[in-house]
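# A look at the structure
Below, each chain spelled out in residue letters.
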Amino acid sequence: MTTRFEDVIAWQKARIFINHVYNVTKRFPPEERYGLTSQFQRAAVSIAANIAEGYKRLGKDDKIRFYNYSQGSLEECRCYIYLSQDFNYIAPDEAQTMINEIEEASKILNSYINSTKNRQNWEE
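Residues numbered from 1 in each chain as written. Predicted model: local features only at pLDDT ≥ 70, side-chain atom pairs only at ≥ 80, totals over all residues. Heavy atoms only, no water.

### Observations concerning helix 4 (residues 92–118)
As a reminder, the rule being used: Runs of H or I in DSSP of at least four residues are treated as helices and runs of E of at least two as strands, each being numbered from the N terminus. For a helix, the expected span equals 1.5 Å multiplied by the residue count minus one. Residue burial is assigned from relative accessible area. The probe radius is 1.4 Å, only protein chains are included, and a residue is buried under 20% of its type maximum, exposed over 50%, and partly exposed in between. It only takes one pair of heavy atoms within 4.5 Å for two residues to be counted as in contact.
Between its terminal C-alpha atoms helix 4 stretches 39 Å, which fits the 39 Å expected from 27 residues at 1.5 Å a residue. For helix 4, every residue scored as buried is listed here: Ala95, Met98, Ile99, Ile102, Ala105, Ser106, Leu109, Ile113 and Thr116. The inward-facing, buried residues of helix 4 abut helix 1 (9–25), helix 2 (36–56) and helix 3 (60–86).

Structure follows, in structure tokens:
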């Protein structure tokens, strides 16, 4: 059992992914600053932020809702990776690396969601 959101492996993976997104988007053209760059960065940050927020929620349904928001942000980032590749802002191999990071974080988060669903002792 974890005692802080920083101990949640899904959050740790999200933090690594956020750093990757920020490093990649630094290379995007200046005209994307308020477009794809901003959207991509915000969605990436949202992954970790929702895990952290959900972690402190007391009710099972509330926790799961925020973890699901994180899953949605993971998929949003997947879309931005494909778009970035389509616009030749990132190379196919780097896009694949980022997709792999998303899939790993998603699997871990799914496991965390399932363990939350199956936990018996709730303080609701």
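Now that the structure has been shown, we can carry on.
### A word on the packing of helix 3 against helix 4
How we decide: Where helices are involved, their axes are fitted lines through C-alpha atoms of the stretch in contact, as for all axes, and angles between N-to-C directions lie from 0 to 180°. Roughly parallel means an angle under 35 degrees; roughly antiparallel means over 145; roughly perpendicular covers 65 to 115; every other angle is labelled oblique. Amino acids are sorted into nonpolar (Ala, Val, Leu, Ile, Met, Phe, Trp, Tyr, Cys and Pro), charged (Asp, Glu, Lys and Arg) and polar (every other residue, Gly among them).
Remark: helix 3 packs on helix 4, axes separated minimally by 10 Å, with the N-to-C direction vectors making an angle of 170 degrees. Regarding the angle of helix 3 to helix 4, the classification is roughly antiparallel. When grouped by side-chain class, the residues that make up the contact of helix 3 with helix 4 number 15 nonpolar, seven polar and five charged.

### Concerning the packing of aromatic side chains
Where we set the bar: Paired rings are identified among Phe, Tyr and Trp, the last through its six-membered ring, by centres lying within 6.5 Å, and are further divided according to the angle between planes into stacked (under 30 degrees), edge-to-face (over 60) and tilted (the rest).
In total, this model carries six aromatic pairs according to the counting rule given. With a centroid separation of 5.3 Å and an interplanar angle of 80 degrees, the aromatic rings of Phe66 and Tyr69 are classed as edge-to-face. Remark: Tyr69 and Phe66 occur in helix 3; sequence separation between them is three residues, near one turn of the helix.

### What about the nonpolar core?
The cut-off we apply is this: To qualify as a nonpolar core, a set must consist of buried Ala, Val, Leu, Ile, Met, Phe, Trp, Tyr and Cys residues joined through side-chain atoms within 4.5 Å.
Phe17, Phe40, Ile51, Cys77, Ile81 and Met98 are the most contacted members of the largest nonpolar core, which has 32 residues in total. Those elements that place two or more of their residues in this core are helix 1, helix 2, helix 3 and helix 4. At nine residues, helix 2 tops the list of elements feeding residues into this core. Not counting residues within four places of it along the chain, the set of residues in contact with Cys77 comprises Phe17, Phe40, Ala43, Ala44, Ile47 and Ile102.

### Section: the packing of helix 2 against helix 3
The packing of two helices is summarised by the inter-axis angle and the distance between the axes. Formally: Take the far helix as the reference: if the near one is turned anticlockwise from it by less than a right angle, the crossing is left-handed, and if turned clockwise, right-handed.
Two elements in contact, helix 2 and helix 3, have axes separated by 8 Å at closest approach and are oriented at 160 degrees. Classified by the angle their axes make, helix 2 and helix 3 are roughly antiparallel. Helix 2 and helix 3 meet at a crossing whose hand is left-handed. The residue makeup of the contact of helix 2 with helix 3, split by class, is 14 nonpolar, seven polar and four charged.

### Things to note about the environment of Trp11
Checked against the element boundaries, Trp11 lands in helix 1. C-alpha of Trp11 to C-alpha of Ile90: the two residues are 79 residues apart in sequence and 25 Å apart in space. Look past the residues within four positions of Trp11 in its chain and what remains in contact with it is Phe5, Glu6, Ala48, Ile51 and Ala52.

### Considerations on the pattern of salt bridges
Selection criterion: Salt bridges are identified by distance alone: a Lys or Arg side-chain nitrogen within 4 Å of an Asp or Glu carboxyl oxygen.
The full count for this structure, using the stated rule, is eight salt bridges. Of the charged contacts, one joins Arg4 and Asp7 as a salt bridge, the two residues approaching to 3.5 Å between their closest N and O atoms. For Glu75, the salt bridge identified is with Arg78, shortest N-O distance 2.9 Å. Highlighted residues: Glu75 and Arg78, both in helix 3, separated by three residues, approximately one helical turn. The exposure class assigned to Glu75 is partly exposed, which follows from its relative accessible area of 38%. Residues joined in a network through salt bridges with shared partners are Glu53, Arg57, Asp62 and Arg65.

What is shown is where atoms sit, not what they do.
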